[in-house]
Amino acid sequence: MIDYDGRSFRNTGYPADEDAPVGHYRQEGDLLWADFDGGPVRRGSLNGRVEPDGNLEFAYTMVLADGEVVAGRCWSTPEFLNDGRIRLNERWERYGAHADSGESALEEVPR
């Protein structure tokens, strides 16, 4: 099992010099949680679990800069980059008035 505790991940959909959402992950056994903010996200959190193969399944909530409250689910598959960092390839779905689904990626921020 991959240990995500203490790792931070940045959304790759933003240029490197631009403010982007960054999540700070914690883990105990298979229990995973994180807080994140940056870019259009004022405050976000996630709670879920780590599968034995390192895949993640979690629910998330966010308050965006415009005040919108967003909730959804996500499934992430880890990929190891050449430099040893982890890239999380995500499939997500958002619920509510602005329901949507899609794919995105996060890359580990070097410590």
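Structure shown above.
What counts, and where the lines are drawn
Residues numbered from 1 in each chain as written. Predicted model: local features only at pLDDT ≥ 70, side-chain atom pairs only at ≥ 80, totals over all residues. Heavy atoms only, no water. Phe/Tyr/Trp six-rings, centres within 6.5 Å; stacked < 30°, edge-to-face > 60°. Buried < 20%, exposed > 50% of the residue type's maximum accessible area, 1.4 Å probe, protein only. Core = buried A, V, L, I, M, F, W, Y, C linked by side-chain atoms within 4.5 Å. Helix = DSSP H or I, 4+ residues; strand = E, 2+ residues; numbered from the N terminus. Contact = heavy atoms within 4.5 Å. Pairing = 2+ DSSP bridges. Axes fitted to C-alpha atoms, helices over the stretch in contact; angles between N-to-C directions.

## What about the packing of aromatic side chains?
Next up, step 1: For the structure on display, the rule yields two aromatic pairs.
Next up, step 2: Relative to Phe 9, the ring of Tyr 4 lies with its centre 6.2 Å away and its plane at 50°, an arrangement referred to as tilted. In this structure, Tyr 4 and Phe 9 share a single accessibility class: buried.
Next up, step 3: By the ring-pair criterion, three or more aromatic residues cluster together here, those being Tyr 4, Phe 9 and Tyr 25.

## A closer look at the nonpolar core
Next up, step 1: With 21 residues, the main nonpolar core has Tyr 4, Tyr 25, Leu 32, Leu 46, Leu 56, Tyr 60 and Leu 88 as its most contacted residues.
Next up, step 2: Broken down by secondary-structure element, the contributors of at least two residues to this core are β3 (31-38), β4 (41-50), β5 (56-64), β6 (69-80) and β7 (86-95).
Next up, step 3: Setting aside its immediate chain neighbours within four residues, Leu 56 contacts Tyr 4, Tyr 25, Leu 32, Arg 49, Val 50, Cys 74, Trp 75, Ser 76 and Leu 88.

## So, the sheet that holds strand β2 (residues 22-28)
Strand pairing in a sheet is mediated by backbone hydrogen bonds. Such pairs are either parallel or antiparallel.
Next up, step 1: Read once around its circumference, the closed barrel built from eight strands follows the order β1-β2-β3-β4-β5-β6-β7-β8, with strand pairing classed as antiparallel. Direction aside, the axes of adjacent strands within the sheet are offset by 30° on average.
Next up, step 2: For strand β1 (residues 8-11) and β2, the ladder comprises three bridges, and the chain directions are antiparallel. If you follow Arg 10 over to β2, its bridge partner there is Val 22.

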